[in-house]
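# Remarks on the overall topology
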There are 2 protein chains.
Amino acid sequence: MRILITGGAGFLGARLAREILQRGQLNGQSVSELVIADLFPAPADLLADPRVKGHAGPMLEQGDLFKSGFDGVFHLASAVSGECELDFDLGLRSNLDSSRLLLDSIRASGKASRFVFASSVAVFGPDAGNPMPERVTDTTLPTPQTSYGTHKLMIEYMVADYTRKGFIDGRAARLMTVTVRPGKPNGAASSFFSGIIREPLAGTHTTCPVDPDVSHPVSSPGNTIHGLITVFEASRDALGGRMALNLPGLNVKVSDMLAALEKVAGPTVRARVKFERDERVAGIVANWAKGSTFDRANALGLKADASFEAIIEQYISDCKTRPAYPAEALNGLK
Amino acid sequence: MRILITGGAGFLGARLAREILQRGQLNGQSVSELVIADLFPAPADLLADPRVKGHAGPMLEQGDLFKSGFDGVFHLASAVSGECELDFDLGLRSNLDSSRLLLDSIRASGKASRFVFASSVAVFGPDAGNPMPERVTDTTLPTPQTSYGTHKLMIEYMVADYTRKGFIDGRAARLMTVTVRPGKPNGAASSFFSGIIREPLAGTHTTCPVDPDVSHPVSSPGNTIHGLITVFEASRDALGGRMALNLPGLNVKVSDMLAALEKVAGPTVRARVKFERDERVAGIVANWAKGSTFDRANALGLKADASFEAIIEQYISDCKTRPAYPAEALNGLK
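Residues numbered from 1 in each chain as written. Chains lettered and ligands numbered in written order. Predicted model: local features only at pLDDT ≥ 70, side-chain atom pairs only at ≥ 80, totals over all residues.

### Things to note about the relation of the copies chain A and chain B
- Aligned on chain B, chain A shows an RMSD of 0.0 Å; the corresponding rotation is 180° and the shift along the axis is 0.0 Å. Taken together, the rotation and translation describe the operation of a two-fold axis.
- Taken as a fraction of all interface residues of chain A, those also at the interface in chain B reach 100%, which identifies the copy contact as same-surface. (Least-squares fit on C-alpha atoms with pLDDT ≥ 70 in both. Contact = placed C-beta atoms within 7 Å.)

So, in structure tokens, the structure goes:
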């Protein structure tokens, strides 16, 4: 099988690539070539694998690559929510036009690739005529309150229509907020959901920009990647429809997250987080889902992470064993 | 005010143009210029009005015109559902890319035009995970089953996001199936909803491609135009959200429509309709809404047509008094 991962040099994309390379197969078919397309070069450990071909540069310039015919595609490349609110054209280009080019190129290839689109819980939001339920479901009416969520939703619908027409075998899966992410804070308004765990574990003081009772559905990187692969491998019948499905989320409050941090890493680590409200971030987060359900993913056998403690423990274990996790990530535990 | 109507040479667009010219104002502000952009030239009676400027040609070539700054825009131009099922690229170009160009051009003009987008009841459809309710509401989750419905829905969401960002003051209104349309059958799968009334009134025998118990929400041309103007004139507060709203529809069965025809025009006229199932059309229509509600439009004071008899009577009256209705349209009544 020839597989493409867009955004494959990013945190989730590279983790997905490593997982696929380690398995060596998808749905029982051997993966002979894994193409990583990303604005940035792929990590060295991936490029060292003879099955991997890296293509760095903007997606909008990769039409010929995308037309070359893939058995499977994971489309993860995306500009993040906060960036797109500040730069509307970036969002149009990176999230809407790039996805469209990818879909049309695959259609032009004549190969109806199995196609997983990484959508987002950010498609949901409250509109005046459409208040958000306590928990968003697979069939909650999305009324996104960011350009990021709007473009993700538009591509969900394109994926469904290209699938209906037989141009791709598409599946859109809505990622919950992924935590704990390694590295530095990024432009996503959700960045603090990782920061309030990652920074204190590294020994750094940090602030939480929202109130402790803010609730949100989250997922570990490992569980998220497992979800994407499971959705890829599912039969169309098992998917139960062409529409996007919610990946599993663990519904937690910020206060629960910090209590779990104290349980796993002790009160000194927990004490490195102070609350300091940031109106811009808090305003965006106020429009986000407070929780989610995931009946269709559940029917595929997917489950939420067992607890937030387990999510933190996955991060600690990753820091000790995986590439892309800095050596000083756990300095705060010493 | 400088007003733009895309699709302004079409049946609904030209009727809207005539209505606006006759009123002379929108929201109490005088209409000084009415620009009609359409693939085809506008009707002569419109071009004869000194306030009208016609621009014929593909929307994708009218970027400069769209950037020239409008106080108000009615975006009606569209390729119809049946055509888009047969020609996927036509749908992408005419319904998605053209609408995108229009939105981006208005954004570039720096003038946050009041913007009415004519969406469609075709955004609704049943997906395996999302059966359609008996009546689709303003907040029913759309899962369109045609490319036409998909592209209309995508633009609804773009209109909401461009409005949120302040680039336009947008309103998307979902038109119900408009009947009775004059002229010849067109490529829309819904064409027969007009044909089964129009052809027998003209003295022509015709077939109905679906079963008599097929039910659907319909609206007269007059009531549809009244709805579009009301949505244009409404305050943002009155609209109750940025999402699309359903325009009023009268929920009728095909058998009710034919009973009304017999009541208005007699059994000889009614007898000119025979049932002859067309699997292609019936298959598309099976995925359509059986009925609708329109709470938000109702809150703006809009109502459905009083009865299907009233809709037929509007058509008969229009044939006698309006341009674009052929002289022989009522030959069957003689």
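Further notes follow.
### Some points on the domain arrangement of chain A
Residue and element names in this part refer to chain A.
- Each domain of chain A was delimited in the assignment, giving domain 1 (2–178 + 218–246) and domain 2 (189–217 + 249–291 + 306–333).
- Distance from the C-alpha centre of domain 1 to the C-alpha centre of domain 2: 25 Å.
- Counting residues at the interface gives 21 residues for domain 1 and 18 residues for domain 2.
- Taken together, the residues of the side of domain 1 that touches domain 2 break down into nine nonpolar, nine polar and three charged. (Domains from an automatic or database assignment. Nonpolar A, V, L, I, M, F, W, Y, C, P; charged D, E, K, R; others polar.)

### Some points on the sheet that holds strand β8 (residues 169–175) of chain B
Residues and elements named next belong to chain B.
- Reading across the sheet, the seven strands line up as β5-β4-β1-β6-β7-β8-β12 and stay open at both edges, with parallel pairing between neighbours. On the outer flanks of this sheet lie β5 (52–56) and β12 (245–246), each paired with one strand and no other.
- Where β8 meets β12, two bridges bridge the pair, whose relative direction is parallel. Note on β12: the bridge partner recorded for Ala-173 is Leu-245. (Pairing = 2+ DSSP bridges. Helix = DSSP H or I, 4+ residues; strand = E, 2+ residues; numbered from the N terminus.)

### Side note on the interface of chain A and chain B
- Taken together, the contact between chain A and chain B spans 21 residues of the former and 21 residues of the latter.
- Looking at the side of chain A that touches chain B, the element that brings in the most residues is helix α6 (residues 147–164) of chain A, giving six residues.
- The class makeup of the residues in the side of chain A that touches chain B is seven nonpolar, eight polar and six charged.

### Remarks on the pairing of strand β4 (residues 33–38) of chain A
All names here are of chain A.
- Among the six residues that make up β4, five are buried, leaving the element largely enclosed by the rest of the structure.
- In this sheet, β4 lies alongside strand β1 (residues 2–6) in parallel orientation, the contact comprising five bridges. When the bridges of β4 are listed, Ile-3 appears paired with Leu-34.
- In the sheet, β4 pairs with strand β5 (residues 52–56) via five bridges, with the strands oriented parallel. Looking across to β5, one finds that Ile-36 is bridged to Gly-54. (Buried ≥ 20, exposed ≤ 12 C-beta atoms within 10 Å, placed from the backbone.)

### Some details on the environment of Ser-98 of chain B
Residue and element names in this part refer to chain B.
- Position of Ser-98 among the secondary structure elements: in helix α5 (residues 88–109).
- Note on Ser-98: 27 C-beta atoms within 10 Å, which makes it buried.
- Note: C-alpha distance between Ser-98 and Gly-183 (85 residues apart in sequence) is 26 Å.
- Filtering out sequence-adjacent residues up to four positions away, Ser-98 remains in contact with Met-59, Leu-60, Ala-77 and Arg-93.

### Focus: the packing of helix α5 (residues 88–109) of chain A against α6 of chain A
Residues and elements named next belong to chain A.
- Where α5 contacts α6, the two axes come as close as 9 Å, and the packing angle between them is 10°. Here α5 is positioned roughly parallel relative to α6, judged by the angle of their axes. From α5, Phe-88, Gly-91, Asn-95, Leu-96, Ser-99, Arg-100, Leu-103 and Arg-107 reach across to α6, where they touch Ser-147, Tyr-148, His-151, Lys-152, Met-154, Ile-155, Met-158 and Tyr-162. (Axes fitted to C-alpha atoms, helices over the stretch in contact; angles between N-to-C directions. Parallel < 35°, antiparallel > 145°, perpendicular 65-115°, else oblique.)

### Focus on the pairing of strand β11 (residues 215–219) of chain A
Residues and elements named next belong to chain A.
- With four of five residues buried, β11 is to be regarded as a mostly interior element.
- The pairing of strand β9 (residues 177–178) with β11 spans two bridges and is classified as parallel. Bridge assignment links Thr-177 to a residue of β11, and that residue is Val-218.
- In this structure, β11 lies alongside strand β13 (residues 250–253), joined through four bridges in antiparallel fashion. Counterpart to Ser-215 in the pairing with β13 is Lys-253.

### Comments concerning the nonpolar core
- Core analysis: the largest hydrophobic core is formed by 204 residues, its most contacted members being Ala-173 of chain A together with Ala-173 of chain B.
- Beyond its immediate sequence surroundings of up to four residues, Ala-173 of chain B is in contact with Val-116, Ala-118, Ser-119, Gly-227, Leu-228, Val-231, Ala-244, Leu-245 and Leu-247 of chain B. (Core = buried A, V, L, I, M, F, W, Y, C linked by C-beta atoms within 7 Å.)

### Description of the environment of His-226 of chain A
All names here are of chain A.
- Looking at the element boundaries, His-226 is found in helix α8 (residues 221–233).
- Taking the C-beta count within 10 Å as the criterion, His-226 has 19 such neighbours and is therefore assigned partly exposed.
- Measuring from C-alpha to C-alpha, the distance between His-226 and Leu-302 comes to 8.3 Å, with 76 residues separating the pair along the chain.

### A short note on the packing of helix α10 (residues 254–265) of chain B against helix α14 (residues 308–321) of chain B
Residues and elements named next belong to chain B.
- The geometry of α10 relative to α14 is characterised by a closest axis approach of 9 Å and an angle of 55° between their N-to-C directions. As far as their axial angle goes, α14 and α10 are oblique. Once α10 is placed against α14, the crossing between them reads as right-handed. Here α10 contributes Asp-256, Met-257, Ala-260, Leu-261, Lys-263 and Val-264 to the contact with α14, which in turn contributes Phe-308, Glu-309, Ile-312 and Glu-313.
- Residue composition of the contact of α10 with α14, by class: six nonpolar, no polar and four charged. (Left-handed = near helix turned anticlockwise from the far one by under 90°.)

### Description of helix α14 (residues 308–321) of chain A
Residue and element names in this part refer to chain A.
- Taking 1.5 Å of rise per residue, the 14 residues of α14 would be expected to cover 20 Å, and the 20 Å separating its terminal C-alpha atoms lies within 8% of that figure.
- When α14 is considered as a whole, its buried residues turn out to be Phe-308, Ile-311, Ile-312, Tyr-315 and Cys-319. Down the axis of α14, the buried side of the element spans an arc of 100°, and every buried residue falls inside it. The exposed residues of α14 that point more than 90 degrees off its buried face are Ser-317, Lys-320 and Thr-321.
- Packed against the buried residues of α14 are α7 (192–202), β13 and α10 (254–265). (Expected span 1.5 Å × (residues − 1). Arc of directions from axis to C-beta.)

### Some words on the environment of Glu-328 of chain B
- Among the structural elements, Glu-328 of chain B can be located in the segment after α14.
- Along the backbone, Glu-328 of chain B and Pro-209 of chain B are 119 residues apart, and their C-alpha atoms lie at a distance of 24 Å.

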